[in-house]
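# Descriptive analysis of the structure
Residues per chain, in single letters:
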Amino acid sequence: MPDGHVLEFSGLTKRFGAVTAVDALTARVEPGVVTGFLGPNGAGKTTTLRMLLGLVRASDGTATIGGKRYAQLTHPLQTVGAALEASSFHPGRTAARHLAVYAQAAGIRRPRVDEVLGQVGLADVGGRKVGGYSLGMRQRLGLAYTLLGDPGVLVLDEPANGLDPEGIRWMRGFLQALAAEGRTVLVSSHQLTEIQQTAQDVLILARGRLVFQGSLRELTDTDEQATVVDAPDRDALARALDAAALAYQPMRAGFVVAGVEPVAVGAAAAAQGVALSALQRRGPALEEVFLGLVDGTREAPSPTPDVTASVEGGAR
Ligand SMILES: Nc1ncnc2c1ncn2[C@@H]1O[C@H](COP(=O)(O)OP(=O)(O)OP(=O)(O)O)[C@@H](O)[C@H]1O
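First things first, this report covers the structure right here in the doc. (Residues numbered from 1 in each chain as written. Predicted model: local features only at pLDDT ≥ 70, side-chain atom pairs only at ≥ 80, totals over all residues. Heavy atoms only, no water.)

### Side note on the side chain of Glu 158
Topologically, Glu 158 is positioned in the loop between strand 6 (153-157) and helix 6 (165-180). For Glu 158, which is buried and forms no salt bridge, the nearest opposite charge comes from Lys 45, at a distance of 4.6 Å. (Helix = DSSP H or I, 4+ residues; strand = E, 2+ residues; numbered from the N terminus. Buried < 20%, exposed > 50% of the residue type's maximum accessible area, 1.4 Å probe, protein only. Lys, Arg positive; Asp, Glu negative; His and termini not counted. Salt bridge = Lys/Arg side-chain N within 4 Å of Asp/Glu carboxyl O.)

### Structural notes on the sheet that holds strand 4 (residues 60-65)
Pairing within the open sheet is antiparallel, and its 3 strands lie in the order 2-1-4. With partners counted over all chains shown, the strands left at the sheet margins are strand 2 (19-29) and strand 4, one partner each. Strand-to-strand, the axes of this sheet are offset by a mean angle of 20 degrees, without reference to chain direction. Packing against the sheet, helix 1 (residues 45-52) makes contact with strand 1 (7-16), strand 2 and strand 4, and its axis sits at approximately 115 degrees to strand 1. (Pairing = 2+ DSSP bridges. Axes fitted to C-alpha atoms, helices over the stretch in contact; angles between N-to-C directions. Contact = heavy atoms within 4.5 Å.)

### So, the site of the ligand
Contacts to the ligand come from Phe 16, Ala 21, Pro 40, Asn 41, Gly 42, Ala 43, Gly 44, Lys 45, Thr 46, Thr 47 and Glu 158. Measuring from an oxygen atom of the ligand, one finds a side-chain N or O atom of Thr 47 at 2.5 Å. When the ligand is considered free in solution it has 630 Å² of accessible area, and contact with the protein chains removes 59% of it. The class makeup of the residues in the shell around the ligand is 4 nonpolar, 5 polar and 2 charged. (Near = heavy atom within 4 Å. Polar contact = N/O pair within 3.5 Å; in protein donor to acceptor, adjacent residues only side chain to side chain. Areas by Shrake-Rupley, 256 points an atom, 1.4 Å probe, with all protein chains shown as cover. Nonpolar A, V, L, I, M, F, W, Y, C, P; charged D, E, K, R; others polar.)

### Focus: the nonpolar core
Ranked by internal contacts, the top residues of the largest apolar core, which has 48 residues, are Leu 141 and Ile 204. Apart from the residues within four sequence positions on either side, Leu 141 is in contact with Phe 89, Ala 95, Leu 99, Leu 117, Leu 122, Val 130 and Tyr 133. Counting residues in each nonpolar core, the second largest holds 26 residues, with Ala 21, Ile 65, Val 80 and Leu 186 among its members. (Core = buried A, V, L, I, M, F, W, Y, C linked by side-chain atoms within 4.5 Å.)

### Some remarks on the packing of aromatic side chains
Within the structure shown, the criterion is met by 3 aromatic pairs. Taking 4.9 Å as the distance between ring centres and 25 degrees as the angle between the ring planes, the aromatic pair formed by Tyr 248 and Phe 255 counts as stacked. Owing to a relative accessible area of 25%, Tyr 248 belongs among the partly exposed residues under this scheme. Positioned above the aromatic ring of Trp 170, the side-chain terminus of Arg 140 is 4.2 Å from the ring centre. (Phe/Tyr/Trp six-rings, centres within 6.5 Å; stacked < 30°, edge-to-face > 60°. Lys NZ or Arg CZ within 6 Å of the ring centre and 35° of its normal.)

Here's what the structure looks like:
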């Protein structure tokens, strides 16, 4: 099994004239998990990936794969498989022929072509000309190309573009399986919803700057917790909350009590003998946090508080 490598960006900067497309990006991408590279259109994701792959020269800083710049890799296709958005395939060539050309150039044995076509679900159509491929089939072909050298690192730009819901589900499972094998998988997207169910970690870029790096779980681990509580007798519940001086907002799913833990809300209800039908903690919606970070109205969540660290440390 190929080893994943750490991807490291250090002060990475790219200026196009007056435009700073990527601004002092410092981040690490670890093997073994799918990492989402998120940001709105124009945030600088593609430019970052192009610098990582040696396609664009950085104005400043470095981007390395296992400690080496792309140009220093002895066997690039066997180390990192990359599919950037505009992967172009000659329409008059078959998918198998395309892959065979790349395989030969990289010293990869020919049977590998059929293997990767099978892996991405194109085994039956590998002999067809790419000109007749749907966008989703081209995406799969792009992925097949990245897998040719059985690399430990995969870098994919918007791989779900053009896929139907079934294709998106397939891609999700496929990328997670590759990461579970120990590979490094970096996937860019401008849509949180696309990444949400695939990635464990995320880097979020806005206007060329890193606004968040961490796990998706940490992203919503903010102070904006609330408790949602409900009871068959809502009037009695309202009286119990009033008696405990807890402010609440009636919603369809129950009452939302902002900034109060479920245990305190449950105790208030119990004190008045009110039976509950629901009691749960609610964090801010992920989408809300993402958009706030991107438009600058929200700060990145602070590092996990000490109390959580010691609980987790104690459990180990
Ligand atoms: N070759 C170039 N010359 C001049 N400006 C460029 C060039 N390439 C990118 N830019 C600019 O750099 C910024 C970042 O673009 P980039 O394509 O990296 O963003 P992105 O996050 O990948 O967006 P998208 O999701 O739309 O691809 C944009 O303002 C873009 O116009």
